[in-house]
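# Summary of structural features
Given next are the chains, with one letter for each unit.
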Amino acid sequence: MSDELQIELIDVDKHYGAFHALKAVNLSIRKGQFVALVGPSGCGKSTLLRSLAGLETITAGTLKIAGEVMNAVPPRKRDVAMVFQSYALYPHMRVIDNLTYSMRLKRAPRSQSEAAAKEVAATTGLEKLLDRYPRELSGGQRQRVAMGRAIIRHPKAFLFDEPLSNLDAALRVHMRKEIRSLHDRLGATSVYVTHDQIEAMTMADHIVVMRDGVIEQQGAPLELYDRPSTRFVGGFIGSPAMNFVEAVVAEDRRTLVIEDLGSVPLPGGIMLGAGETVTAGLRPEHLEISAGDGPGLHAKVDFVEFTGAASFVITRGAPGLTVFNVGRTTLRPDEAVRLTIAAENVHLFDRETGRRLGA
Amino acid sequence: MTLEWRNRVLVVIALGLAALYLFPLYWMYVTSLKTGSDIFATPPDFLPRDAKWGNYGYVWTSRGMASYMWNSIVIASGTTALTALLGTGCAYVLARYRNGWIDVALFLVLMLQVLPASLMITPIFVGFSQVGLLDTPRLAVILALTAKTMPFFVVLVRATFMSVPAELEEAALVDGNSRIGAFFSIALPLARNGILVSAILIFMQAFGEYVYSKSIIQSPTLQPASVGLNSFMGPNTFEWNNIMAYAAIYVTPILAVFVLLQRRIVAGLTSGALK
Ligand SMILES: Nc1ncnc2c1ncn2[C@@H]1O[C@H](COP(=O)(O)OP(=O)(O)OP(=O)(O)O)[C@@H](O)[C@H]1O
Ligand SMILES: [Mg+2]
C-alpha cells in the first residue's frame, strides 16, 4: 500500500430530483487499499459506487481518480471495473467473449485477448467453461466470470456492488477469502459495497459506514469496533448487535445505574455530572455471567440459543440483553443471572444525538 | 363428469369454433378450384368435382397479378423497413428514460393507435397532395402506413427493451463502450427476437392494407393486390372461382409465413424475448 491517493471524493453531493442521496461525502482511498462500504438498505452505497463508475453524475463536489478530476468524464474513460450484484453478464456472449469484451472494444489483436482470457480463466478457475453461455453456468461460476471480466482490465480501481449476496453461505465465505487474496495479488485498489458487516470486517482495510447518504464513521475495522463514534455505528458493527440501555450517572460518579437491572461501572475520563442520563452500549461478548451476589446487572433468562461453538443468552425485560457465551451454558429459562462488564468496555452515547461520549 | 370427459368436451368445442372460424378460408380454396357452373350448384359441393388448377394461371395472367403482387411487396417491405428503423430507436428511448415528457410521448403514441384509417385518410390525402407526395404514390402510402403501424410496433418493441436489464448496458459502459456502442452490441442483439416478430406482424398488416392504397394510388400499375382484388369484384361479378383464386394467390404466401413462424411469433409476444 502506498500513500498515493487513488480515489478522492471531496464534498460530494448527489440529488435524485428532490431526493438527497449523498450528503457532503468526503473519502480518500489510497492505492492498494481495500475499502468496504457498509450501511443499511437505501443508505446510498450503490449510489456512491455508481458515481465512482460514472453511471451517475454527482450534483456537487469533486471526484478524482488517480489525481484527475472525473466529475464529467464518461464511464468508459475512467478506467475502473465494476462487478454488479446481478453480475450483468452479457447473455448472448460466451464466457470467453464476456471476458474479452473490453479488449475487443480496444481493438486488441485476437491472439492477445485470447491469451489474456486464458490467463484470467486460470486465476478464476474458469478454464473448462470458456465456451459456455452464462445461462449454462451456476451462480458461483457466473460470479467468477463477473470477477474475471473485471480482472482482465487491470483497472485503476475495482468496484464491487454486493457481489456475494446471491451465493450460499459456504460459497460466500470461500469467495470472501478469494476476492481478498486476488486483491492482494493484483495490488489492486478496491471499493466493496456490502450490507454484511462481517464481510466488511473480514475483508477490508478500511470501513466506511454510511447512513441516509452521510458517512457516519470511517476507519480500520477494529477501530470502528473498539470506538464507534455513534450509537448507530456501535449497533451496526459487531454481531450479535450491541445492547443499548438507558443509564443514569450515580451520585458517586463511579457507576451507571440502569433501571430495573442494576449498575455497571462508569468508564474513566468522562465528564458527566451525577444524575445525567446517557445511552450505554454493552457488547454481548463483553458481558460476563458471574456467580454469586454483588454489583452488576440482575436479570432472568428468557431463552438460550445454541450455535454449537457458542450460546446466546437473552434476558427478560425491555430491553432484553443479549449475552455471548463461549461454549455451552447450562442456564435455563427463568434462571436468575448476574452480568458484569469491565469499565473500559462500556460505550457511552449522547441520548439525543447518539454521539460517542468520552474517549 | 370426469376430468378426462371434460377435456374431451372442451376439445370438441375448440375444434368446432376453429372450424367455424376457418370455414371462409376453406371455402375460398375450394371455390377457387371449381368451374364456373359448379359454384352455383345447389346443394353446394364441399369438394370440387374435378379441380381446375388452371384458374390460378388464368387469373395470374389475365388480371396482371404480377404487378399487383409486386406493388404489395414493395409497400409492405418499405413500411416494415421504415417502421423498424424509426420505431426501434423510439421504443428504446421510451423504454430507458423515465420522465414527464416520456409519459406524454407514450400517451400520444397510444392515442395514434386509436384513430381509424378511414378517418385519417382525408387529412393525409390533403397534406400529401400539397407537398407533392401524390406523384410518388407508393412512397406516399408507405409513409402513411408507417405512421399507422408505428404505435403498435413501438409499444411491442418497448416492452422487449424493458425486459433487457439496464445493468447489462451499464456493464458495457464501464467496460469501455459508448452509449451508442452499448445499444448496438448489447440492447439490440438481446431485443432482436422481439423486433423481428413485431416486424413480421407489421409486414402482414401492410401486405393486406387497403384503405390508404385505394385512396392514394390512382394508377392501376402501382396498385397493390388488395386494391386489384377489389376492382376485380364489380357489381355484376359472377367469376367467383377466379376471384377466389386471386384471393388464394394473395394470402397463401403470408399465411405460409405465419404458419412457419407462429411458434416464434407467439413466443416472442409472450416471453421477454431474451436469449
Ligand atoms: N434513479 C433513482 N432515482 C431516485 N432515487 C433513487 C434512484 N436510485 C436510488 N435512489 C434512492 O437513493 C437512495 C440510495 O439508493 P442506493 O441504491 O444507493 O441504496 P443502497 O445503499 O445501495 O441500498 P441497498 O443495500 O438496498 O442496495 C435510496 O433511497 C433510493 O431510493
Ligand atoms: Mg445497493
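Residues numbered from 1 in each chain as written. Chains lettered and ligands numbered in written order. Predicted model: local features only at pLDDT ≥ 70, side-chain atom pairs only at ≥ 80, totals over all residues. Heavy atoms only, no water.

## Let's talk about the domain arrangement of chain A
Residue and element names in this part refer to chain A. When the domains of chain A are assigned, the result is domain 1 (5-229) and domain 2 (243-349). Computed over C-alpha atoms, the centres of domain 1 and domain 2 are 40 Å apart. With 4 residues of domain 1 in contact, the opposing surface of domain 2 contributes 5 residues. Both sides together, the interface formed by domain 1 and domain 2 hides about 370 Å², and carbon and sulfur atoms give 51% of it. Here domain 1 is connected to domain 2 by 0 salt bridges. Linking domain 1 to domain 2 there are 2 residue pairs in polar contact (both at pLDDT 80 or more). In the side of domain 1 that touches domain 2, the residues fall into 3 nonpolar, no polar and 1 charged. (Domains from an automatic or database assignment. Contact = heavy atoms within 4.5 Å. Buried area = accessible area lost by both parts, 1.4 Å probe. Salt bridge = Lys/Arg side-chain N within 4 Å of Asp/Glu carboxyl O. Polar contact = N/O pair within 3.5 Å; in protein donor to acceptor, adjacent residues only side chain to side chain. Nonpolar A, V, L, I, M, F, W, Y, C, P; charged D, E, K, R; others polar.)

## Observations regarding the pairing of strand 1 (residues 5-16) of chain A
Regular strands place their side chains on alternate faces of the sheet. Residue and element names in this part refer to chain A. Strand direction decides the pairing type here: strand 1 and strand 2 (residues 19-30), joined by 8 bridges, are antiparallel. Bridge pairing in strand 2 places Leu9 opposite Leu27. Connecting strand 1 to the antiparallel partner strand 2 that follows it, the hairpin turn spans 2 residues, and Gly17 within it adopts a positive phi of roughly 60°. (Pairing = 2+ DSSP bridges. Helix = DSSP H or I, 4+ residues; strand = E, 2+ residues; numbered from the N terminus.)

## Describing the side chain of Asn55 of chain B
Residues and elements named next belong to chain B. Residue position: Asn55 is located in helix 2 (residues 54-62). Within the structure, the side chain of Asn55 is placed 3.1 Å from the backbone oxygen of Lys34, a separation counted as a polar contact. Leave out the neighbours within four places in its chain, and Asn55 touches Ser32, Leu33, Lys34, Asn241, Asn242 and Ala245.

## What to know about helix 3 (residues 65-96) of chain B
With 32 residues, helix 3 of chain B should reach 46 Å at 1.5 Å per residue; the first-to-last C-alpha distance of 45 Å fits that figure. Maximum bend of helix 3 of chain B: about 30°, positioned at Gly87 of chain B. (Expected span 1.5 Å × (residues − 1). Bend = angle between axes of the 7 residues up to and from the residue.)

## Focus: the sheet that holds strand 4 (residues 60-65) of chain A
Residues and elements named next belong to chain A. With antiparallel pairing, 4 strands are arranged side by side in an open sheet as 2-1-4-5. Two strands in the sheet have a free side with no partner beyond their single neighbour: strand 2 and strand 5 (68-69). Helix 1 (residues 45-53) rests against strand 1, strand 2 and strand 4 of the sheet, and its axis sits at about 65° to strand 2. (Axes fitted to C-alpha atoms, helices over the stretch in contact; angles between N-to-C directions.)

## What to know about the site of ligand 1
Residue and element names in this part refer to chain A. Close to ligand 1 lie Tyr16, Phe19, Ala21, Ser41, Gly42, Cys43, Gly44, Lys45, Ser46, Thr47 and Glu162. Lys45 is positioned such that a nitrogen or oxygen atom in its side chain is 2.8 Å from an oxygen atom of ligand 1. Here Glu162 contributes a side-chain N or O atom positioned 3.3 Å from an oxygen atom of ligand 1. Coverage of ligand 1 by the protein amounts to 59% of the 640 Å² it exposes when considered alone. Contributing elements (two or more residues each) for the shell around ligand 1: strand 2 and helix 1. A total of 3 residues in the shell around ligand 1 trace back to one element, the largest contributor, which is helix 1. Residue classes in the shell around ligand 1 are distributed as 4 nonpolar, 5 polar and 2 charged. (Near = heavy atom within 4 Å. Areas by Shrake-Rupley, 256 points an atom, 1.4 Å probe, with all protein chains shown as cover.)

## What about unusual backbone geometry?
Residues and elements named next belong to chain A. Of note, the bond from Ser239 into Pro240 is cis; its omega dihedral lies within 30 degrees of zero at 0°. For Ala66, which is not glycine, the phi dihedral falls at a positive 50°. Along the chain, Ala66 falls in the loop between strand 4 and strand 5. One non-glycine residue, His154, adopts positive backbone phi at about 45°. Structurally, His154 can be placed in the loop between helix 4 (139-151) and strand 7 (157-161).

## Comments concerning the nonpolar core
Residue and element names in this part refer to chain A. Counting 45 residues, the largest nonpolar core has Leu99, Ile179, Ile207 and Val209 as the members making the most contacts within it. At 5 residues, helix 4 tops the list of elements feeding residues into this core. Setting aside residues up to four positions removed in sequence, Leu99 forms contacts with Ala117, Val120, Leu130, Val145, Gly148, Arg149 and Ile152. (Core = buried A, V, L, I, M, F, W, Y, C linked by side-chain atoms within 4.5 Å. Buried < 20%, exposed > 50% of the residue type's maximum accessible area, 1.4 Å probe, protein only.)

## A closer look at the interface of chain A and chain B
Counting residues at the interface gives 22 residues for chain A, matched by 16 residues for chain B. Where chain A abuts chain B, roughly 1700 Å² becomes buried across the two surfaces, and 63% of that area is made up of carbon and sulfur atoms. Connecting chain A to chain B are 3 salt bridges. In this structure, Asp175 of chain B and Arg149 of chain A form a salt bridge, with 3.8 Å as the shortest nitrogen-oxygen distance. The interface formed by chain A and chain B contains 10 residue pairs in polar contact (both at pLDDT 80 or more). In terms of residue class, the side of chain A that touches chain B is built from 14 nonpolar, 3 polar and 5 charged.

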